[in-house]
Amino acid sequence: MKKFDVEITETLQRTVSVEADSRAEAERLVTEAWNNEDYVLDSTDFVGVDFKTVGEQELSENRKMEILLVQPGMYPQKATIGTELKDFQDAVGGTIAASYPFDDPVAIVYNDEGKLIAYDYENKLKIKTRICFVVTKAGREALVAYNKRLRAQMHALEVLAEAERPLSGEELASVQVSAATLRILCEKGWSERSEQRVLRNSYANRTELKESLHLTDEQRQAVEAIGSAITEPHQETFLLQGITGSGKTEVYLRAAAQAMEAGKQVLLLVPEIALTAQIVKRFQAWFGDEVAVAHSKLSQNERADVWYKMRTNSAKLLIGVRSAVFAPFSDLGLIIIDEEHESSYKQDERPNYHARTVALKRAQLSGIPVVLGSATPDLESFYKARQGTYTHLRLLQRANGSMLPHVEIADMRLELQRGNKSVLSAALNDALLQTAVQGEQAIVLLNRRGFSTFVMCRDCGESIVCPHCAVALVYHSAGEAMRCHYCGNTAPIPDECPNCHSRRIRFFGTGTQKAEAEIAELPEIRILRMDQDSTVKKFAHEDILKSFSSGEYNVLLGTQMVAKGHDIPNVTLVGILSADSTLNLPDFRASERTFALLTQAAGRAGRGDRAGHVVLQTYDPDNPVIKLAATQDYDAFAASELEIRQELGYPPYTEILKITVLDKEEVRGSSLAQRIVNFLQTLQLEHPEQELLVLGPFPAIVAKVRDLYRMNILVKCPQMELVKRALWNSEFKECRNVFFDVDPVSVV
């Protein structure tokens, strides 16, 4: 018997190791496994697969696992490691990887940003156990008889008899019961030992004191309305729309308490890991160990323990990001979705589910209420509330009686005319200095990572692009390298232009690292950065926010993750750089996203007893969306935007299906996309009454990612069932490189 390395060639190179008697048998085994879809390699399916044996070796008794590591900007590297899970995790680390042992396939799956998001391993879930001890009937009799000469044994029996549950060796050792004593008790039959499962909890010992605030009249009315659907269980969806600082979390707490008092479990979804730390503290202060937390930064074993807690009713309340919507509850009674408008609730990869849609369906099947909370609700949710499909609950005043912050618009065109080439306007520069002098804090939002957004030759205008994606590389000062934010490819900074060989290379734009460097030069400023690059570690989000909240730093700079959910009373200033950067994207939701982001960011200021101030920097100060965001008038924005969408035929007045074709060859991909369009146009002619509209095919806004060209098709129809049924029965359903996204959050 030998081990053969069989190379699978598709969008990325993979190597699978199998045991076989011959090379031909090895290739046959891998081919059959592939055809049976036993090797699920990536969230992007493949076009054209080839199998080739690239190596063989005799198997030894001391079996090892051979893996293939694929790192950004490097050729695949083979490594031989032990078969323990720890060996595998140590080898993979934080790299992008695809790997297979020769015993059983291991699939590494990464998302479009090159982040490791999942893997499969034959022993990936390891139950953690500990040895525990209980007193027996004979032990209780011995304790009654009490032999003074056996003081250590009698002491151990007293401790075990008083305990309400089995005690571990560690717990007994803390009260001076030795392992030798326990061994003697078990030999005499006075105690029994058993192995019990230990449920991991990374959030243990992080509980703070419970804070119970006095409810406003608006909060009380909201709690009563939700409570009626809990005490007399029925399915009802509530849209809790409250301005920033209005106390939506307090309503969540009271509603969750009612559900748990009724013996029910509660699911609370949050859009990002960055928001979990603060909300977990609030809920743990109320409910202690009844709270479980699930997100991608936890280990696979920790998440398995969380699922076990919910399935066995060992925990009553689960706080998690979108995947938590699939948790196996034993008796779910309430679902709460915080910041329900956030696009991160929609998964970009297969399956393209939206956590809100799944939650609503789950609530319908279980007959339980759902609370959708936001200061800037999704326009489709707002429309349903206005139509009476959802029950509309409103919080129009801040809970502590403070006013919304004053918003100042800084015209960056005038700043340039005055010779100011800094990332900071004069207004924001002065405001930061004043905030620091007064001992207050500021949050600065910039929706870009890296040091500069792109690198360009000043002679020929050539920008340095990723060789695998149709997008410019971003310069990162840490490591002095350029990085692709789509595939993770890295490249050194060139000494000369690859096109004209000029040495006049310049960095353009502003990223978080560059903004950090400029702001840090201001006197009295102690700045902290929070973006994807600085939050790689498990509790990085929480540690950064803790350092900022404690006053160790007085300026928090970051991407979207600093703009929402954080309640820090000492923050009196919010600066928004490039407020219009997402406004002109070719997406019908661009205005809604920009308004929500600006409003949420502005709402971080003035949440304590001091007035808040917001400086909103823009090159388009006359844009209606910018003006409405400055006044934080959601109703006016919603009325205007819904009117535009009705006129142009966009949700909520119609449904949308996005079809994406991926292919290594642009012409072949375009040809397949055109065939799909022809099929849909035929359907359009056969059913003119359906008001079916087919747009495309057209290249995605990033036309190539990881050497795959991407073509989009948009289908608009008031009732999409006919289109779904036709595609389901078509040849295109089985095409591995065709992706269907119902109700996409982005059409580009």
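All of the points below concern the structure found in this document.

What counts as what
- Residues numbered from 1 in each chain as written.
- Predicted model: local features only at pLDDT ≥ 70, side-chain atom pairs only at ≥ 80, totals over all residues.
- Heavy atoms only, no water.
- Helix = DSSP H or I, 4+ residues; strand = E, 2+ residues; numbered from the N terminus.
- Buried < 20%, exposed > 50% of the residue type's maximum accessible area, 1.4 Å probe, protein only.
- Contact = heavy atoms within 4.5 Å.
- Areas by Shrake-Rupley, 256 points an atom, 1.4 Å probe, with all protein chains shown as cover.
- Expected span 1.5 Å × (residues − 1).
- Arc of directions from axis to C-beta.
- Pairing = 2+ DSSP bridges.
- Salt bridge = Lys/Arg side-chain N within 4 Å of Asp/Glu carboxyl O.
- Axes fitted to C-alpha atoms, helices over the stretch in contact; angles between N-to-C directions.
- Phe/Tyr/Trp six-rings, centres within 6.5 Å; stacked < 30°, edge-to-face > 60°.
- Core = buried A, V, L, I, M, F, W, Y, C linked by side-chain atoms within 4.5 Å.

Take the overall build of the protein next. If you tally the helices and strands in the protein, you get 21 helices and 33 strands. Of all 748 residues assigned to the protein, the portion counted as buried reaches 51%. Within the protein, counting contacts between residues at least 6 apart in sequence, those at least 24 apart form 73% of the total. Just so you have it, the protein exposes about 34200 Å², and 49% of that area is on carbon and sulfur atoms.

As a further point, take helix α14 (residues 426–437). With 12 residues, α14 extends 17 Å from end C-alpha to end C-alpha; this agrees with the ideal 16 Å at 1.5 Å per step. Among all positions in α14, only Leu 428, Ala 431, Leu 432, Thr 435 and Ala 436 are buried. Relative to the axis of α14, the buried residues are bounded by an arc of 130° and lie together on one face.

Across its 12 residues, helix α10 (residues 300–311) extends 17 Å between first and last C-alpha, which sits within 8% of the 16 Å expected from 1.5 Å per residue. All buried positions along α10 are accounted for by Gln 300, Asn 301, Glu 302, Asp 305, Val 306, Lys 309 and Met 310. Note on α10: the residue one or two positions beyond its end, Asn 313, has a positive phi of about 65°.

When you line up the elements, Thr 136 lands in the loop between β9 (129–135) and α3 (137–145). Look past the residues within four positions of Thr 136 in its chain and what remains in contact with it is Gly 189, Trp 190, Ser 191 and Glu 192.

A separate point is the pairing of strand β28 (residues 571–576). Among the 6 residues in β28, 6 count as buried, and that is most of the element. Strand direction decides the pairing type here: strand β20 (residues 441–445) and β28, joined by 5 bridges, are parallel. Considered in β28, the bridge of Gln 441 is made with Val 571.

Right, let's talk about the environment of Ile 279 for a bit. Within the secondary structure, Ile 279 sits in helix α9 (residues 276–287). Spatially, the C-alpha atoms of Ile 279 and Ile 319 are 8.5 Å apart, while their sequence positions differ by 40 residues. Discounting chain neighbours no more than four positions away, the residues touching Ile 279 are Thr 249, Leu 268, Val 270, Ile 319 and Asp 338.

Once their charged atoms are close, side chains differing in charge can pair, the charge on each being opposite to the other. Across all of its chains, the model carries 22 salt bridges by this definition. Here Arg 356 and Asp 378 are joined by a salt bridge, their closest N and O atoms 4.0 Å apart. Of this pair, Arg 356 sits in helix α11 (residues 355–366) while Asp 378 sits in the loop between β17 (370–374) and α12 (379–387), placing them 22 residues apart in sequence. Here Arg 356 matches Asp 378 in class, with each residue buried. One salt bridge in this structure joins Arg 668 and Asp 663, with 2.9 Å as the shortest N-O distance. The exposure class of Asp 663 is buried, given its relative accessible area of 2%. When salt bridges that share partners are traced, they join Glu 380, Arg 589, Glu 592, Glu 641 and Arg 645 into one network.

Moving on: the sheet that holds β9. Spatial strand order, β10-β9-β11: 3 strands in an open sheet with antiparallel pairing. Pairing within the sheet leaves two strands with one partner each, and these edge strands are β10 (167–168) and β11 (191–197). Sheet topology note: the β9/β10 ladder contains 2 bridges and is antiparallel. Residue pairing in the sheet places Cys 132 in a bridge with Ser 168 of β10. Strands β9, β10 and β11 of the sheet are contacted by helix α4 (residues 151–162), whose axis makes an angle of about 100° with β9.

It is worth spelling out the packing of aromatic side chains at this point. All chains considered together, the criterion is met by 9 aromatic pairs. Between Tyr 383 and Tyr 653 the ring centres are 5.2 Å apart and the planes differ by 65°, which places this aromatic pair in the edge-to-face class. Of this pair, Tyr 383 sits in helix α12 while Tyr 653 sits in the loop between α19 (634–648) and β30 (655–663), and the two are 270 residues apart along the sequence. With 4.6 Å between their ring centres and 15° between their planes, Phe 588 and Tyr 650 make a pair best called stacked. You can see Phe 588 sitting in the loop between β28 and α17 (590–602) and its partner Tyr 650 sitting in the loop between α19 and β30, a full 62 residues away along the chain. A relative accessible area of 12% means that Phe 588 is categorised as buried. For Tyr 650, a relative accessible area of 19% corresponds to the buried category. An aromatic cluster of three or more residues is present, and its members are Phe 382, Phe 595, Tyr 634 and Phe 637.

What follows deals with the nonpolar core. Ranked by size, the top nonpolar core spans 37 residues in total, and within it Leu 556, Val 574 and Ile 576 carry the most contacts. Residues in contact with Leu 556, not counting those within four places in the same chain, are Ala 442, Ile 443, Val 444, Leu 528, Met 530, Ile 544, Leu 545, Phe 548 and Val 562. Membership of the second largest hydrophobic core comes to 35 residues, among which are Tyr 252, Ile 279, Val 291 and Leu 334.

With that settled, the discussion passes to the environment of Arg 668. Mapped onto the elements of the fold, Arg 668 is located in helix α20 (residues 666–686). Residue Arg 668 is classed as partly exposed on the basis of its relative accessible area of 36%. Here the alpha-carbon distance between Arg 668 and Tyr 709, two residues 41 residues apart in the chain, equals 9.7 Å.

By themselves, these figures tell us nothing about what the structure is for.
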